[in-house]
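Understanding the architecture of this molecule
Single-letter residue listing:
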Amino acid sequence: MPRWLETDAVKKETKTNAARLLDRAGIAYELNSYPVDEDDLSAVHVAASLGVDARALYKTLVLRGDRTGVFVCVVPGDAEVDLKKAARASGNKKADLVPVKELLSLTGYVRGGCSPIGMKKRYPTYIDSGVSECGRIYVSAGVRGLQLILSPTDLVAFTGAATADLIVVGYDGKE
């Protein structure tokens with residue numbers, strides 16, 4: 001069962017830049033905390049810690065295309081991004097994940113706490129088209145141990161994202 005952050009005092013202490021940006025935009029969301037396991041930062045593990053379906057928890061991946069440079073893909077926690085599909089969606093011929101050592105300097109976030117909201121720079125963002133099947137989704141709040149729960153429509157609109165088929169078909173969800 002997820003632990004909901006219910007008091008205003010707790011919410012103020014755990015507000016992240018991503019949450020503050022949503023507040024300013026008047027977008028409804030909830031915060032949900034979970035215990036961090038430094039040995040397993042996978043989205044599937046985070047979903048299990050929260051007691052939610054990994055298909056409702058979306059992970060944020062940062063990629064670099066050969067033509068357009070850095071861009072962001074947001075895909076279900078139990079899926080793997082298809083690099084060819086991501087490249088095609090972003091107008092590239094080829095794309096690769098950005099090395100973890102570059103993540104902080106590019107986004108302001110660390111692995112396991114990368115949010116599609118509030119990066120240092122606004123990168124082109126692509127969200128897997130399956131997001132439209134979800135009523136509410138979980139995305140990182142910008143730190144390990146805290147997730148934002150919001151409407152996929154609000155996330156797409158706020159990030160200016162395009163939706164596209166981005167995942168490997170038949171992936172078993174094990175990272």
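The structure presented is a predicted model; accordingly, all values stated were derived computationally and were not measured. (Residues numbered from 1 in each chain as written. Predicted model: local features only at pLDDT ≥ 70, side-chain atom pairs only at ≥ 80, totals over all residues. Heavy atoms only, no water.)

1. Things to note about the packing of aromatic side chains
The condition is simple: Between rings of Phe, Tyr and Trp, where Trp is taken as its six-membered ring, a pair exists when centres lie within 6.5 Å; planes separated by under 30 degrees are stacked, by over 60 edge-to-face, and by other angles tilted. Only DSSP runs of H or I covering at least 4 residues are called helices, and only runs of E covering at least 2 are called strands; the numbering of each starts at the N terminus. The buried label applies to any residue whose accessible area, calculated with a 1.4 Å probe on protein chains only, is under 20% of its type's maximum; exposed applies above 50%, and partly exposed to all values in between.
Tallying each qualifying case throughout the model produces one aromatic pair. Ring centres of phenylalanine 71 and tyrosine 126 lie 5.8 Å apart, and the angle between their planes is 85°; this geometry places the pair in the edge-to-face category. You can see phenylalanine 71 sitting in strand S4 (residues 69–76) and its partner tyrosine 126 sitting in strand S6 (residues 125–128), a full 55 residues away along the chain. Accessibility assignment for this pair places phenylalanine 71 and tyrosine 126 in one class, buried.

2. Points about the environment of threonine 14
Relative to the elements of secondary structure, threonine 14 occurs in helix H1 (residues 8–14). Looking at threonine 14, the relative accessible area reads 24%, which means it is partly exposed.

3. With respect to the confidence of the model for the protein chain
The test is simple: Scored from 0 to 100, pLDDT reflects the predictor's confidence in each residue.
On average, residues of the protein chain score 90 in pLDDT, and 89% of them are at 70 or above. In the model of the protein chain, strand S1 (residues 3–4) stands out as the element of lowest mean pLDDT, 42, in contrast to S6, which has the highest, 98.

4. With respect to the nonpolar core
Note the cut-off: Remark: nonpolar core denotes a set of buried residues (Ala, Val, Leu, Ile, Met, Phe, Trp, Tyr, Cys) joined through side-chain atoms within 4.5 Å. Throughout, a contact is declared for two residues whenever any of their heavy atoms are within 4.5 Å.
Leu148 and Leu150 are the most contacted members of the largest nonpolar core, which has 31 residues in total. Only helix H2 (17–25), strand S3 (58–65), S4, helix H5 (100–107), strand S7 (137–140), strand S8 (146–150) and helix H6 (152–159) provide two or more residues apiece to this core. Other than its neighbours up to four places away in sequence, leucine 150 contacts Leu22, Ile27, Ala28, Tyr29, Arg136, Ile137, Val139 and Leu155. The next biggest cluster of nonpolar side chains, apart from the first, holds twelve residues, and it includes Leu61, Cys73, Val81 and Ala87.

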